[in-house]
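# An overview of the molecular structure
Residues per chain are reported as follows:
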Amino acid sequence: MARTREFDTEAAVSRAMELFWTRGYEATSVRDLTGHLGIGQGSLYAAFGDKDGLYRAALEHYRTTLAAAALRSLEEEADARSAIRALLVERIRIAVGHDGRGCLAVNAACERLPEDTATRRTVRDMQDASRDALAEVLRVAAERGEIAKRHDPHTLAAFLVTFLNGLLVSAKITPDVRALDPLVEVALAALD
């Protein structure tokens, strides 16, 4: 007779996400995961298949929670420049936290690609969603005359996503908000 699962898988995925984010995929063992989650190895395998399955679930959780919240924040500001500034500054603050752990998605790309195609798809989906959301904000801003029309909104959005990726890598190297915040203003100059 099969046993019922005795742990909250959503909470386990969230806790695993934090561990993978802090330590990385390779440095996190199954033993680390079971100890951190307070579950047995059999339970981990029954729920997620293996470490890779739990990692994919953690990346997906990151995508649907933190990454999605960042995109929603774009809609909360009155103008495009303020919205983009707020997004970039908040990403810096998250990335420098916990001794500069960076961004889980960017960390995953740096650590797992090009070999891990599932991670590539998840990270690419996050990047595409960010680019598309920014492009829409920029398109509307250009129509309103808030920003210059000299750049295609999709190209400008792709530049901002690329800039943000580099910024998040830099946050791991130099986890200092004071060193990174001024770079945001340089990137925002592309809107002029």
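The coordinates are above.
Treat the numbers as computed from the prediction; the structure is a model and nothing was measured.

## A look at the overall build of the protein chain
From N to C terminus, the protein chain includes nine helices and zero strands. Tracing the protein chain from N to C terminus, the helices and strands come up as α-α-α-α-α-α-α-α-α. The principal-axis extent of the C-alpha atoms belonging to the protein chain is close to 65 × 35 × 30 Å. Pairs at least 24 residues apart make up 67% of the contacts formed inside the protein chain by residues separated by at least 6 positions. When the accessible surface of the protein chain is totalled, it reaches about 10,100 Å², and 51% of it is carbon and sulfur.

## Describing the nonpolar core
Core analysis: the largest hydrophobic core is formed by 59 residues, its most contacted members being Phe20, Leu54, Tyr62, Ile84, Leu134 and Leu138. Examining the composition of this core, we find that nine residues originate from one element, helix 8 (residues 153-173), more than from any other. Setting aside residues no more than four positions away along its own chain, leucine 138 makes contact with Ile84, Ile147, Pro153, Leu156, Ala157, Leu160 and Leu191.

## What to know about the pattern of salt bridges
Between side chains of opposite charge, a pair can form as their charged atoms come close. Scanning the entire structure with this criterion turns up 15 salt bridges. Residues arginine 81 and aspartate 192 are paired through a salt bridge, measuring 2.9 Å at the closest nitrogen-oxygen approach. Residue arginine 81 is found in helix 5 (residues 80-100), and its partner aspartate 192 is found in the segment after helix 9 (177-188); the two are separated by 111 residues along the sequence. By relative accessible area, arginine 81 is classed as partly exposed at 21%. Where arginine 131 meets aspartate 128, a salt bridge forms, and the shortest distance between an N and an O atom there is 3.1 Å. Of this pair, arginine 131 and aspartate 128 both sit in helix 7 (residues 117-144), separated by three residues, roughly a single helical turn. Residue classification places aspartate 128 among the partly exposed positions, given a relative accessible area of 25%. Each of the salt bridges in this network shares a partner with another, and the network as a whole consists of Glu26, Asp52, Arg112 and Asp116.

Conventions we followed
- Residues numbered from 1 in each chain as written.
- Predicted model: local features only at pLDDT ≥ 70, side-chain atom pairs only at ≥ 80, totals over all residues.
- Heavy atoms only, no water.
- Helix = DSSP H or I, 4+ residues; strand = E, 2+ residues; numbered from the N terminus.
- Contact = heavy atoms within 4.5 Å.
- Areas by Shrake-Rupley, 256 points an atom, 1.4 Å probe, with all protein chains shown as cover.
- Core = buried A, V, L, I, M, F, W, Y, C linked by side-chain atoms within 4.5 Å.
- Buried < 20%, exposed > 50% of the residue type's maximum accessible area, 1.4 Å probe, protein only.
- Salt bridge = Lys/Arg side-chain N within 4 Å of Asp/Glu carboxyl O.

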